[in-house]
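One letter stands for each residue in the lines below.
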Amino acid sequence: MSEDSKHLEITLETQVESVNLAEEMCLRVAEAAGFGEDDCYRIGMSVREGVINAFHYGNEERPEKKIHLALDLTPEKMIIRVLDEGKGFELSSVPNPLAEENLLSTSGRGIFLMRAFMDEFEVVPGRTGGAEIIMSKKLPLSGNSGTNGKSGQGAAPKKKA
Amino acid sequence: MALRATYREAAGVTVVDIGGRITLGEGSALLRKTIRELLEDQRTLILLNLADVDYIDSSGIGELVSAYTGVKNRGGSLKLLHLTKKVHDLLQLTKLFTVFEVYSDETSALRSYR
């Protein structure tokens, strides 16, 4: 990580409220980084889905487990990592929600939405077990001058030590 | 914003006016409870007015699908009215436009149940 990069991480409880908390936190960072309204929506939704995945599938809604959320803001992109304390999973084993037989499924669209809304997306085994979702969005070409007029209001993450 | 849902009768159809976010937790739970109450009351022709729903996540999408199949399994019909752009785009992305009947005006929607 270079000197120009910023890093923020937070440990979340395995509870529904963590989903909104994570979304709000990442939205503030995204707005401060200059992302426009549409990209902020996509980033916020992806963070929601990543944390829902960790809450429900990874940690199986068990309150003794934690969800680890990390954000990195580099000069090129915003990187989001969501790590759970579950058993891990293979991306290739996730059913395609667009397949005819899955259209009426009541779950299984989170991974699809993160893939659709972010520029890069992968799932790797976590360093201490579980699954880690790593996804990123390129910063707007205009640098840090946001298109939604909400940039730079005290929400920038701390510089990494 | 928390989800809110009220319903009214129009031309033999129960129109459910929904506002707020349909997301994991209270939002999805309220939609589930509302549909369950309507089915218990033998109301199986249901039009969900989503004009004031500005946000749905995957949990909310799942709840909409669950409502659709639950009503259909009771011999009824659940349709959608007045999608906001975000909800419209999300249903398109997830191919659920091929599942739901979607209307942009209430009169046409009500007529479609005849």
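Residues numbered from 1 in each chain as written. Chains lettered and ligands numbered in written order. Predicted model: local features only at pLDDT ≥ 70, side-chain atom pairs only at ≥ 80, totals over all residues.

Asks: Would you explain the nonpolar core in this entry?
Replies: The nonpolar side chains of a soluble globular protein tend to be buried, and buried together. Core analysis: the largest hydrophobic core is formed by 35 residues, its most contacted members being Cys26, Ala30, Val51 and Val82 of chain A. For this core, the secondary structure elements donating two or more residues are α1 (17-33), α2 (37-58), β2 (66-73), β3 (77-83), α3 (110-117) and β5 (131-138) of chain A. When residues of this core are assigned to their parent elements, the largest contribution, eight residues, is made by α2 of chain A. The residues contacting cysteine 26 of chain A, other than those within four sequence positions of it, are Ile43, Gly44, Val47, Leu71 and Ile80 of chain A. Of all hydrophobic cores here, the second largest spans 31 residues; its members include Leu38, Ala67, Leu81 and Val87 of chain B. (Core = buried A, V, L, I, M, F, W, Y, C linked by C-beta atoms within 7 Å. Buried ≥ 20, exposed ≤ 12 C-beta atoms within 10 Å, placed from the backbone. Helix = DSSP H or I, 4+ residues; strand = E, 2+ residues; numbered from the N terminus. Contact = placed C-beta atoms within 7 Å.)

Asks: How do you make sense of the packing of helix α1 (residues 26-40) of chain B against helix α2 (residues 58-73) of chain B when you look at a structure like this?
Replies: Relative placement of two packed helices is described by the angle separating their axes and the distance separating the axes. Residues and elements named next belong to chain B. Interaxial distance between α1 and α2 falls to 9 Å at its minimum, and their mutual angle equals 10°. For the element pair α1 / α2, the angle class is roughly parallel. Along the contact surface, α1 presents Gly27, Ser28, Leu31, Arg32, Ile35 and Leu39, while α2 presents Ser59, Gly60, Glu63, Ala67, Gly70 and Val71. Residues that form the contact of α1 with α2 fall into these classes: five nonpolar, five polar and two charged. (Axes fitted to C-alpha atoms, helices over the stretch in contact; angles between N-to-C directions. Parallel < 35°, antiparallel > 145°, perpendicular 65-115°, else oblique. Nonpolar A, V, L, I, M, F, W, Y, C, P; charged D, E, K, R; others polar.)

Asks: Before we go on, may I ask you to explain the environment of glutamate 100 of chain A in this structure?
Replies: All names here are of chain A. With respect to the element layout, glutamate 100 can be found in the loop between β3 and α3. Residue classification places glutamate 100 among the exposed positions, given that 9 C-beta atoms sit within 10 Å. Distance from glutamate 100 to glutamate 9, taken between C-alpha atoms, is 39 Å for residues 91 residues apart in sequence.

Asks: Can you walk me through the pairing of strand β2 (residues 13-22) of chain B in this structure?
Replies: Walk down a regular strand and you will see the side chains alternate between the two sheet faces. Residue and element names in this part refer to chain B. Across seven bridges, the pairing between strand β1 (residues 4-10) and β2 is antiparallel. Across the sheet, the residue bridging to arginine 4 is glycine 19, located in β2. Counted along the chain from β1 to the antiparallel partner β2, the turn is two residues long, and its residue alanine 11 has a positive phi close to 50°. Where β2 lies against strand β3 (residues 45-56), eight bridges are found, and the strand directions are parallel. When the sheet's bridge partners are listed, threonine 14 is paired in β3 with isoleucine 46. Crossover β2 to β3 through α1 is right-handed. (Pairing = 2+ DSSP bridges. Right-handed = clockwise from strand over helix to strand, strands pointing away.)

Asks: Explain the sheet that holds strand β1 (residues 6-13) of chain A here, please?
Replies: One key point about sheets: their strands pair by backbone hydrogen bonds, in either a parallel or an antiparallel sense. Residues and elements named next belong to chain A. Taken in spatial order, the five strands make up an open sheet running β1-β2-β3-β5-β4, and their pairing is antiparallel. Looking at the sheet topology across the chains shown, the edges are occupied by β1 and β4 (120-125). Neighbour-to-neighbour, the strand axes of the sheet open up by a mean angle of 15°, direction not taken into account. Judged from the seven bridges that link them, β3 and β5 form a sheet pairing that is antiparallel. If you follow isoleucine 79 over to β5, its bridge partner there is serine 136.

Asks: I tried to follow the interface of chain B and chain A on my own but got confused; where do I start?
Replies: When the parts of a complex come together, some accessible area is lost, and that lost area is often taken as the interface size. Each partner contributes residues to the interface: chain B has 16 residues there, and chain A has 17 residues. Every element with two or more residues in the side of chain B that touches chain A is listed here: α2 and α3 (85-93) of chain B. With seven residues, α2 of chain B is the single largest residue contributor to the side of chain B that touches chain A.

Asks: Which parts of the structure should I look at to understand unusual backbone geometry?
Replies: Both trends apply: most residues other than glycine have a negative phi, and most peptide bonds are in trans. The backbone phi angle of glutamate 60 of chain A is positive, close to 50°, even though this residue is not glycine. Positionally, glutamate 60 of chain A belongs in the loop between α2 and β2. Given 13 C-beta atoms within a 10 Å radius, glutamate 60 of chain A is considered partly exposed. Of note, the phi angle at alanine 11 of chain B is positive, near 50°, even though the residue is not glycine. Position of alanine 11 of chain B among the secondary structure elements: in the loop between β1 and β2.

Asks: How should I be thinking about the sheet that holds β3 of chain B in this particular structure?
Replies: Residue and element names in this part refer to chain B. Pairing in this open sheet of five strands is mixed, and the strands run β1-β2-β3-β4-β5 from one edge to the other. The open sheet is flanked by β1 and β5 (102-103), the only strands paired with a single partner. Contacting β2, β3 and β4 (77-81), α2 crosses the sheet at an angle of about 140° to β4.

Asks: Mind showing me how you'd approach α2 of chain A here?
Replies: An α-helical turn contains 3.6 residues, so a residue and the one three or four places further along point in the same direction. All names here are of chain A. Its 22 residues give α2 an end-to-end C-alpha distance of 30 Å, which sits within 8% of 32 Å, the value for a rise of 1.5 Å per residue. Where burial is concerned, most of α2 is hidden: 16 out of the 22 residues are buried. Looking one or two residues beyond α2, the residue adopting positive phi is glutamate 60, at roughly 50°. (Expected span 1.5 Å × (residues − 1).)

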